[in-house]
Amino acid sequence: MRILSIGNSFSQDAQRYLHEIAEVNGEKLKCVNLHIGGCSLRQHYLNMLDNEAKYLFEFNGSATGIYVSIKDALKSDNWDVVTLQQASHESFSFDSYTPYLENIFDYIKKYSPKSKIYIHKTWAYPDNRQRLFDMGYQSTEAMFKDVNDAYKKACDIINADGIIPSGDAMLEAYIANPDILYRDPIHASLGFGRYLLGLVWFFRLFGRKENFKHIENFDEPVSPENKITAYKIACAVNTREGY
């Protein structure tokens with residue numbers, strides 16, 4: 001399978017361990033993330049029009065040092081899935097998605113017509129952080145409610161082929177154990193948080209696996225217990241109606 005994300009640091013978090021998870025579980029996966037930190041759908045759209053090589057090409061969870069345009073990336077392979085997402089600081093407002101999302105969708109279909117388009121539903125900010133307050137929210141659950149509603153509308157407006165429920169998984173993990181989930185006011189932790197996201201993507205793409213094997217190498221330690229917690233949450237959010 002080949003998957004391309006037109007994203008930012010949140011898809012970077014999600015893809016960090018994804019290739020390795022697939023590999024140890026016997027699945028062939030090429031995953032590429034087009035990275036510009038904090039990039040919104042509006043900025044993706046403007047970059048699309050400029051057709052300049054502004055995106056860091058991240059291959060199988062690692063930076064390459066190569067910069068490409070969206071068109072170059074789309075034409076570089078026969079992508080099975082292309083993912084789209086909104087920047088987290090605008091993700092709760094559906095007005096920020098349109099008309100950029102529809103135009104990007106049409107652009108993808110022009111240059112990679114056989115690709116399925118998935119929406120990567122991102123997550124809310126943790127409680128008691130200034131970034132959360134700056135968005136006008138008092139709790140992560142309140143922010144996620146609006147994020148969730150906006151992404152549902154985004155899926156409907158382009159008739160997306162699927163949705164990757166990272167935000168749901170992050171919320172469940174936050175409620176269970178908030179201390180190990182974030183590395184800063186918005187990003188997933190380098191160990192547990194990124195592993196959780198990788199599992200969410202893996203199960204969404206390949207389904208639940210018998211005799212699932214966990215990876216062993218992380219950028220920061222993940223305990224055996226927390227591996228199991230991540231596994232259970234990732235499985236649960238992917239078996240809900242609509243996913």
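What counts as what
- Residues numbered from 1 in each chain as written.
- Predicted model: local features only at pLDDT ≥ 70, side-chain atom pairs only at ≥ 80, totals over all residues.
- Heavy atoms only, no water.
- Core = buried A, V, L, I, M, F, W, Y, C linked by side-chain atoms within 4.5 Å.
- Buried < 20%, exposed > 50% of the residue type's maximum accessible area, 1.4 Å probe, protein only.
- Helix = DSSP H or I, 4+ residues; strand = E, 2+ residues; numbered from the N terminus.
- Contact = heavy atoms within 4.5 Å.
- Phe/Tyr/Trp six-rings, centres within 6.5 Å; stacked < 30°, edge-to-face > 60°.
- Axes fitted to C-alpha atoms, helices over the stretch in contact; angles between N-to-C directions.
- Parallel < 35°, antiparallel > 145°, perpendicular 65-115°, else oblique.
- Left-handed = near helix turned anticlockwise from the far one by under 90°.
- Nonpolar A, V, L, I, M, F, W, Y, C, P; charged D, E, K, R; others polar.

Peer 1: Which parts of the structure should I look at to understand the nonpolar core?
Peer 2: The nonpolar side chains of soluble globular proteins are, as a tendency, buried together. Counting 83 residues, the largest nonpolar core has Leu34, Ile119, Tyr195, Leu196 and Leu199 as the members making the most contacts within it. A per-element tally of this core places helix α9 (residues 192–206) first, with 11 residues. Discounting chain neighbours no more than four positions away, the residues touching Leu199 are Ile21, Phe212, Ala230, Tyr231 and Ala234.

Peer 1: What exactly am I supposed to notice about the packing of aromatic side chains here?
Peer 2: Two descriptors summarise a pair of aromatic rings, namely the distance from one centre to the other and the angle between the planes of the rings. Under the counting rule described, the total for this entry stands at 15 aromatic pairs. Taking the centre distance of 5.8 Å and the plane angle of 45° together, the rings of Tyr45 and Tyr100 count as tilted. You can see Tyr45 sitting in helix α3 (residues 41–50) and its partner Tyr100 sitting in helix α5 (residues 100–111), a full 55 residues away along the chain. Between the aromatic rings of Phe203 and Tyr231, the centroid separation amounts to 5.5 Å while the plane-to-plane angle is 80°, which identifies the pairing as edge-to-face.

Peer 1: Which parts of the structure should I look at to understand the packing of helix α7 (residues 140–158) against helix α8 (residues 166–176)?
Peer 2: When two helices pack together, their arrangement is given by the angle between their axes and by how far apart the axes lie. At their nearest, the axes of α7 and α8 sit 11 Å apart, and the two run at 170° to each other. As the angle between them shows, α7 and α8 are arranged roughly antiparallel. Handedness of the crossing formed by α7 with α8: left-handed. Contact residues: Thr140, Glu141 and Phe144 in α7; Gly167, Asp168, Leu171, Tyr174 and Ile175 in α8. Split by residue class, the contact of α7 with α8 holds 4 nonpolar, 2 polar and 2 charged.

Scope: geometric values only; no functional claims are made or implied.
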